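Observations on the model geometry
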Amino acid sequence: MKICLVTPAPSYSRTGNRVAALRWAKILRQLDHQVVLVQEYKFQSCDLMIALHARRSHVSMVRFREKHPNLPLILALVGTDLYGDIHTDSSAQESLEMADRLVVLQPMGINELPEHLAGNARVIYQSVRPPPGEFTPKKNVFEVCVIGHMRPVKDPFRTALAVRSLPSSSRIRVIHLGADLSGDMEETARGESSANPRYRWLGNLPHWKSMRLLARSRLLSLTSESEGGANVVSEAIACSIPIVSSRISGSIGLLGEDYPGYFTVGDTQELAVLLQRAETDPAYYNRLKSWCERLKPLFDPANERSRWDELVNEF
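Note that the structure is a prediction, hence the values are computed from the model and not measured.

Moving on, we come to the pattern of salt bridges. For the coordinates displayed, the defined rule picks out 15 salt bridges. Linking Glu143 and Arg216 is a salt bridge whose minimum nitrogen-to-oxygen distance equals 2.8 Å. Residue Glu143 is located in strand E7 (residues 142-147), and its partner Arg216 is located in helix H7 (residues 207-216); the two are separated by 73 residues in the primary sequence. By relative accessible area, Glu143 is classed as buried at 4%. In this structure, Asp155 engages Arg158 in a salt bridge whose closest nitrogen and oxygen atoms are separated by 2.8 Å. The pair formed by Asp155 and Arg158 is uniform in burial state, with each residue classed as buried. Among the charged side chains, a network of salt bridges with common partners joins Arg101, Arg122 and Glu314.

Okay, structure coming up:
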């Protein structure tokens, strides 16, 4: 099939939406489809359209439906869709109704959909190939990685605040990777790096370098207030790095309801306790690690490829 894949994220973007779109385009080409990746649908010839983001791709979806009322249309839903726009924005709600199939990145996302559309949903976990080579953690520190572009919804400095209260005996050091997407957080990151000896912001690094830093870390800290299904969770699991996460639907859908590494959203002290416990309690750390190891098959590239193949073949 000839597939038009629409993502609002521009070609120079390093956001998760762009990363996902590029990966999906590669997978679909491996499945022998022709794929054109665009920011906006402008009546290109195709047999099927996949749109990423209900609100921001709404205009493209309307154009596609006007030109091709009988061709298949797939909508992939991100965190701002599931936990925001589809509950409040009329264009996002209209996008849901136009789509023949809805892709969510973890099963809890289906719970956010209108009941009459739940049967159209398909879960496709985001896959990751770990970086090649062996990565040994630093011996003199317990490195905790925070990865994510800085926006208020990510609560990006929660880990930095948590490690301020750790005892002097703690060897925890936080490395924070990600760009300032809100326009007012870089100064805070630089100030925290100067004032907090346990925290270092490294800015927006190439993806391959971020993956290598993650792979040498001992722990990933995810502090978001909302996620559709954070790709960094998949990346950590693929790299055999355990996770502490805010208890949000997007993480529960990936890690499971009973995962032992959750803390309450925005609770600095609770996060500090988890970090210290991961550093000082080998049994607890190994429990996190073994839990994540069991989840690895979900994020295998073969699994993601198979699910996309099944979805496209529905048409």
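Right, picking up where we left off after that structure.
The strand order across the open sheet built from six strands is E2-E1-E3-E4-E5-E6, with neighbouring strands paired in parallel fashion. The open sheet is flanked by strand E2 (34-38) and strand E6 (121-123), the only strands paired with a single partner. Strand-to-strand, the axes of this sheet are offset by a mean angle of 20°, without reference to chain direction. Pairing analysis gives four bridges linking strand E3 (residues 48-52) to strand E4 (residues 73-76), with the strands arranged parallel. For Met49, the partnering residue across the bridge sits in E4 and is Leu73.

Under the 1.5 Å per step criterion, the end-to-end length of helix H11 (residues 282-295) is 20 Å for 14 residues, consistent within 8% with the ideal 20 Å. If you check which residues of H11 are buried, you get Tyr284, Tyr285, Leu288, Trp291, Cys292 and Leu295. Mapping the buried residues of H11 onto a view down its axis gives an arc of 130°, with all of them on the same face. Set apart from the buried face of H11 by more than 90 degrees, the exposed residues are Pro282, Ala283 and Arg294. In this fold, the buried residues of H11 make contact with E7, strand E10 (219-222), helix H8 (231-238), strand E11 (243-246), helix H9 (249-255) and helix H10 (268-280). For H11, the N-terminal capping position is held by Asp281, with its side-chain oxygen 3.1 Å away from the main-chain nitrogen of Ala283.

Cut-offs applied
- Per-chain numbering applies: the sequence of each chain, read as written, is numbered from 1 onward.
- Totals for whole chains, interfaces and linings use all residues, but because this is a predicted model, local features are given only for residues with pLDDT of at least 70 and pairs of side-chain atoms are given and counted only at 80 or more.
- No hydrogens and no water enter the side-chain calculation; it runs on all heavy atoms of the structure.
- Salt bridge, as applied in this entry: a Lys or Arg side-chain nitrogen positioned within 4 Å of an Asp or Glu carboxyl oxygen.
- Segments assigned H or I by DSSP are reported as helices when at least four residues long, segments assigned E as strands when at least two residues long, and all are numbered from the N terminus.
- Summary of the burial criterion: residues with accessible area below 20% of their type's maximum are buried, those above 50% are exposed, and those between are partly exposed, where the area comes from a 1.4 Å probe applied to protein chains only.
- The pairing criterion for strands is at least two bridges between them, as found by DSSP.
- Where helices are involved, their axes are fitted lines through C-alpha atoms of the stretch in contact, as for all axes, and angles between N-to-C directions lie from 0 to 180°.
- A helix is expected to span 1.5 Å multiplied by its residue count minus one.
- The directions from the helix axis to the C-beta atoms are what the arc is built from.
- Residue contacts follow a heavy-atom distance rule, with two residues in contact if any of their heavy atoms lie within 4.5 Å.
- In protein, a polar contact requires one atom able to donate a hydrogen and another able to accept it; more generally it is a pair of N or O atoms within 3.5 Å, and residues adjacent in sequence count only if both atoms are side-chain atoms.

Such coordinate-based values are descriptive only and should not be taken to indicate function.
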